[in-house]
Amino acid sequence: MGNAPEQSVIVAGAGPTGLALACELAAAGVSCAVLERRLTTSGQSRAMGLYSRTMEVLDLRGHADALSAVGRPVGRMVPARGAVVDFTELDTRFPALHVVPQSRTEEVLQQRALDLGVIIQRGAEVYGLEQDGSGVSVQVRGESGEWEESADYVVGCDGAHSVVRELSGIAFRGRTYDISPVLADVRLRRQPPDDVLMVSGGGGVVVTVPYGDGLYRIAVARRDRPWTREPVTVEELAELMTRSLGFDPEPYDPVWLARFKIHQRIADQYRSGRVLLAGDAAHLHSPLGGQGLNLGIQDAVNLGWKLAAAVQGWAPAGLLDSYEAERRPQAERILRATDRATWMATSPSAAVTTLRRVMLGRLLGQRRFRRFAGEAVSGLRSGYGGRAGLGRAGLGRDGLGLGGLGRGGRGLRVRSGQRVPDLTVPRPEAAPVRLYELMRDGRFLLLDLTADGRAASLAEAWGSRVCPVRVAGPVAGLGGVAALLVRPDGYAAWVDGESDPDGCEERVRRALHQWCGAEGPVVSSDFGVLPAGGAVGGGVREAEPSDAEVAGAEQV
């Protein structure tokens, strides 16, 4: 690219995915700029539901409490009459669907990004992109003119119509449903229960989500309503809801009425050289179930530490490629599930509607299956187990990758690649602490459960990348574990379940080398020698107002 990059990473898009990624990078000490075409945060809350696992990964960096304060927890989802998914039964600090308007999510993440030193430039539209082996340059335009910016990497978090994806030549294959769903934020005179309610039948489905104070998010889709650009009216909304619910809920005082398209698409690849994609730029699916925002934020948390490692020069071979290897299968699973759910929920067949209702009622009437369903919907069952992800990227060798338990670890409850719960960690000469509180700075966490603390002492040589913690006493769920290495995104990297204490130091050393590179401090071209995390002063640069944007809605 010629001249040295102006920052290590450029993130295109200041939605929740882009801002979450910027926070991850800045927490790791990587200089980052966000370019956003919009002048302000979203005024329309297209996405508004944060599930338990998403709240957990946000809690890893200390964002979750601020979002809890502005959101409304909803404890139950009713996917069909007589069928209930009860989130309050889940073993997590966040046993609910947190209803948070997208605008508030963006505000919280933007403030955190600014506090960490991220530069957010609004009114800046990317229209050109070039890359070579040394970096990427993007052409940008705003009301003040056109200019060029450069970076080591560019990440497209710029939504369904991603310019970064298009300029990188990455295909976005799939289809668009030929139906015309309606989205609304309205008040209802005849209010449904304060649950997430889904009612289907007669070729249509209606979803209601309570904001609180009498305001509801409503989504209605019918097979017999093809796409149209006609504006939505309250009368049309009432008619559509009546056909699905069997009574008129009498909507009034609309805050927002819109028609939107449902897309089923996924990028052929999440990475092309030094350009990567995340969030809606990488995948789109039916909004039934409200998974899109959650999928995007978890993309960002998975990518952030890997991209930081690549920028800082300590990434093991294949680590950055493991982002696609881990996250693309998650998106494929959501695409398949939401496609099936959408077509079943909007089926005109009375037999299909009855079968769906009866099957869900019977299955969710069983406590074990209800818990399983709650964990699956809320993301608590997601993980990167087996030989997928990092194993395929070359980090699963020698029993230290995603299968790395050693011979003595087969019966352990926490396994490599799985979500690590927010355990209470007892410490010598210190108060017990939540595990997620130990991960605020974005480093790996090494829990040392040995009697002499040899694993923690050894890990101090990786201090800029690893937080070593001696554990005083047993930890629920970690019986038989000598040491646990937790990835910055809250999944187990390596679990030492060997019974031989004499080989512990060698096993720890090999795991740290494989996951965290060589010993010693990380030298970054941005900030010199990095401590646990680093940041420089940031701010928002705004251009003059541009033409009004065409509003679209991709999420419920």
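Rules behind the numbers
- Residues numbered from 1 in each chain as written.
- Predicted model: local features only at pLDDT ≥ 70, side-chain atom pairs only at ≥ 80, totals over all residues.
- Heavy atoms only, no water.
- pLDDT = per-residue confidence, 0-100.
- Contact = heavy atoms within 4.5 Å.
- Helix = DSSP H or I, 4+ residues; strand = E, 2+ residues; numbered from the N terminus.
- Polar contact = N/O pair within 3.5 Å; in protein donor to acceptor, adjacent residues only side chain to side chain.
- Pairing = 2+ DSSP bridges.
- Axes fitted to C-alpha atoms, helices over the stretch in contact; angles between N-to-C directions.
- Expected span 1.5 Å × (residues − 1).
- Buried < 20%, exposed > 50% of the residue type's maximum accessible area, 1.4 Å probe, protein only.
- Arc of directions from axis to C-beta.

Asks: Break down the confidence of the model for the chain for me, citing the residues and quoting the values.
Replies: With 87% of its residues at a pLDDT of at least 70, the chain reaches an overall mean of 86. Low pLDDT, under 50, characterises residues 523–538; the predicted model gives this stretch 44 contacts beyond four residues in sequence or across chains.

Asks: Requested: an account of the side chain of Arg370, with residues and values cited.
Replies: If you trace the backbone, Arg370 turns up in helix α10 (residues 367–378). A distance of 3.1 Å separates a polar atom in the side chain of Arg370 from the backbone oxygen of Leu364. Setting aside residues no more than four positions away along its own chain, Arg370 makes contact with Val84, Val85, Asp86, Glu89, Leu363, Leu364 and Gly365.

Asks: Any chance you could break down the sheet that holds strand β13 (residues 182–188) for me, citing the residues and the numbers?
Replies: Pairing in this open sheet of 7 strands is mixed, and the strands run β6-β5-β14-β15-β16-β13-β17 from one edge to the other. Of all strands in the sheet, those with a lone pairing partner are β6 (83–86) and β17 (251–259), marking the two edges. Taking the axes of each pair of neighbouring strands and ignoring which way they run, one obtains an average angle of 20° across the sheet. Where β13 lies against β17, 6 bridges are found, and the strand directions are antiparallel. Opposite Asp185, over in β17, you have Trp256 as the bridge partner. Contacts between helix α6 (residues 234–245) and the sheet are confined to β13, β14 (196–201), β15 (204–212), β16 (215–222) and β17, with β16 contributing the most and set at about 70° to the helix. Along the sheet face, α10 touches β5 (76–80) and β6 and points at about 60° away from the line of β6.

Asks: Please provide a residue-by-residue account of helix α9 (residues 350–364), values included.
Replies: Compared with the 21 Å implied by 1.5 Å per residue over 15 residues, the 21 Å span of α9 between its first and last C-alpha is a close match. Of all the residues in α9, the buried ones are Thr353, Arg356 and Leu364. The buried residues of α9 occupy one face: seen down the axis, they fall within an arc of 65°. Along α9, the residues that are exposed and aim more than 90 degrees away from the buried face are Ala350, Ala351 and Arg362. Taken together, the buried residues of α9 touch β5, β6, β14, α8 (322–345) and α10. Between the side-chain oxygen at the start of α9 and the backbone nitrogen of Ala351 there is a gap of 3.3 Å, and the oxygen is on Ser349.

Asks: Talk me through the environment of Gly289; I want residue IDs and the actual numbers.
Replies: Within the element layout of this structure, Gly289 appears in the loop between β21 (283–284) and α7 (292–312). Distance in space between the C-alpha atoms of Gly289 and Ala341 is 8.8 Å, their sequence separation being 52 residues. Leave out the neighbours within four places in its chain, and Gly289 touches Tyr51 and Met198.

Asks: I'd love a proper account of helix α13 (residues 504–516), names of residues and values included.
Replies: Taking 1.5 Å of rise per residue, 13 residues should cover 18 Å, and α13 covers 17 Å from first to last C-alpha, within 8% of that figure. Following α13 by one or two positions, Gly517 adopts a phi angle in the positive range, close to 80°.

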